[in-house]
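Below, each chain spelled out in residue letters.
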Amino acid sequence: DIVLTQSPDSLAVSLGEGATINCKSSQSVLDRSNNKNSLAWYQQKPGQPPKLLIHWASTRESGVPDRFSGSGSGTDFTLTISSLQAEDVAVYYCQQYYKTPPHTFGQGTKLEIK
Amino acid sequence: QVQLVQSGAEVKKPGASVKVSCKTSGYTFSEYAIHWVRQAPGQRLEWMGWINPVSGDTRYSQQFQGTVTITRDTSTTTGFMELTSLTSEDTAVYYCARDKWGTGWFDSWGQGTLVTVSS
């Protein structure tokens, strides 16, 4: 199974500042058939299901604010929030869909306001 | 609008079984696989399995092979997840989620069903 490891486990950022969350895969998730990375990012707020933010590592879902961006390739990926808003407080997960089953998730990164 | 509405919370004793439903609406049922994902307290999201809503074919995570059964009812566009031989380690929130064929990411989720296993 592909193992995803996120860093850090938690971080605190001031409102208006940027936040960076990393996701490292135990093997490449680059799909050479379309040259896209099979990685998604989700946001989960307390008491809610996860919400899809990004797929193909950098394609933002419709309606997701453009302060959220994804980057990376192969085994190393990053979710960046350019200017933290209060509503961004949540746990963020990466997920791979390159080699399934199983679909696997990172352990999550808890983002708080400093 | 797209909705996946799950059945309510359950409390079960060790050794019992639980069946959670996921009623879908607002989209063409046959165009999306239904997956089940669980989240134990303080743990990461854990994929359990999925079902092809057209054929009924299923695939399960090796971890849950033999204890989970995923089914669907096309007449009511509802998915089901049954977990047997429950232990305290099965205490978790269980989510259904959909993914369009060939994509692999989950673009809509149910609200979650808390299953508590306690003697």
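A brief look at the structure comes next. Here the structure is a predicted model, which means the values were calculated and not measured. (Residues numbered from 1 in each chain as written. Chains lettered and ligands numbered in written order. Predicted model: local features only at pLDDT ≥ 70, side-chain atom pairs only at ≥ 80, totals over all residues. Heavy atoms only, no water.)

## A few points about the interface of chain A and chain B
Piece 1. Contact with chain A, which involves 20 residues of that partner, is made by 19 residues of chain B.
Piece 2. In this assembly, chain A packs against chain B so that about 1600 Å² is buried in total across both faces, 65% of it on carbon and sulfur atoms.
Piece 3. It is Pro101(A), His103(A) and Phe105(A) that lose the most area in chain A upon contact with chain B, and together they represent 35% of the buried surface on that side.
Piece 4. Linking chain A with chain B are zero salt bridges, by the criterion used here.
Piece 5. The interface formed by chain A and chain B holds eight residue pairs in polar contact (both at pLDDT 80 or more) in total.
Piece 6. When residues of the side of chain A that touches chain B are traced back to their parent elements, those giving at least two are strand S6 (39–44), strand S7 (51–55) and strand S11 (90–96) of chain A.
Piece 7. In terms of residue count, S6(A) provides more of the side of chain A that touches chain B than any other element does, three residues in total.
Piece 8. Class assignment for the residues of the side of chain A that touches chain B results in 12 nonpolar, seven polar and one charged. (Contact = heavy atoms within 4.5 Å. Buried area = accessible area lost by both parts, 1.4 Å probe. Salt bridge = Lys/Arg side-chain N within 4 Å of Asp/Glu carboxyl O. Polar contact = N/O pair within 3.5 Å; in protein donor to acceptor, adjacent residues only side chain to side chain. Helix = DSSP H or I, 4+ residues; strand = E, 2+ residues; numbered from the N terminus. Nonpolar A, V, L, I, M, F, W, Y, C, P; charged D, E, K, R; others polar.)

## As for the packing of aromatic side chains
Piece 1. For the structure shown, the criterion picks out 11 aromatic pairs over all chains.
Piece 2. When the centroid spacing of 6.3 Å and the interplanar angle of 35 degrees are considered together, the rings of Phe68(A) and Tyr92(A) count as tilted. Here the residue Phe68(A) occupies a position in strand S9 (residues 68–73), and Tyr92(A) occupies one in strand S11, the gap between them amounting to 24 residues.
Piece 3. Joined through ring pairs, the aromatic side chains of Tyr42(A), Phe105(A), Tyr95(B), Phe106(B) and Trp109(B) make up one cluster.
Piece 4. Taking the ring centre of Phe80(B) as reference, the NZ or CZ of Lys19(B) above it sits at 5.0 Å.
Piece 5. Positioned above the aromatic ring of Tyr27(B), the side-chain terminus of Arg98(B) is 4.6 Å from the ring centre. (Phe/Tyr/Trp six-rings, centres within 6.5 Å; stacked < 30°, edge-to-face > 60°. Lys NZ or Arg CZ within 6 Å of the ring centre and 35° of its normal.)

## Focus: the sheet that holds strand S10 (residues 76–81) of chain A
Residues and elements named next belong to chain A.
Piece 1. If you walk across this open sheet you meet the four strands as S1-S3-S10-S9, and the pairing is antiparallel. The open sheet terminates on both sides in strands that have one partner only, identified here as strand S1 (4–7) and S9. Strand-to-strand twist in this sheet, taken as the mean axis angle between neighbours without regard to direction, amounts to 20 degrees.
Piece 2. Note that S9 and S10 share six bridges and pair antiparallel. Residue pairing for S10: Phe68 is matched across the bridge by Ile81. (Pairing = 2+ DSSP bridges. Axes fitted to C-alpha atoms, helices over the stretch in contact; angles between N-to-C directions.)

## Points about unusual backbone geometry
Comment: phi is negative for the bulk of residues other than glycine, and the bulk of peptide bonds are trans.
Piece 1. The peptide bond linking Thr100(A) to Pro101(A) adopts the cis configuration, its omega dihedral lying at -10 degrees.
Piece 2. Structurally, the position occupied by Pro101(A) is in the loop between S11 and strand S12 (104–105).
Piece 3. The omega torsion of the bond from Pro101(A) to Pro102(A) falls at 0 degrees, within 30 degrees of zero and hence cis.
Piece 4. By the secondary structure assignment, Pro102(A) is in the loop between S11 and S12.
Piece 5. The phi torsion at Ala57(A) lies on the positive side, around 70 degrees, for a residue other than glycine.
Piece 6. Notably, Thr77(B) is not glycine yet its phi reads approximately 45 degrees, a positive angle.

## Section: the pattern of salt bridges
Residue and element names in this part refer to chain B.
Piece 1. Applying the stated criterion across every chain, the model contains nine salt bridges over all chains.
Piece 2. Close ionic contact of Glu46 with Arg38 constitutes a salt bridge, the shortest N to O distance being 3.0 Å.
Piece 3. Overall, the relative accessible area of 7% leaves Arg38 in the buried class.
Piece 4. Across the pair Arg38 and Asp90 runs a salt bridge, and its minimum N-O distance is 2.8 Å. With Arg38 in strand S4 (residues 32–39) and Asp90 in the loop between strand S8 (78–83) and strand S9 (92–100), the pair connects residues that are 52 residues apart, well separated along the chain. By the burial criterion, Arg38 is buried, and Asp90 matches it. (Buried < 20%, exposed > 50% of the residue type's maximum accessible area, 1.4 Å probe, protein only.)

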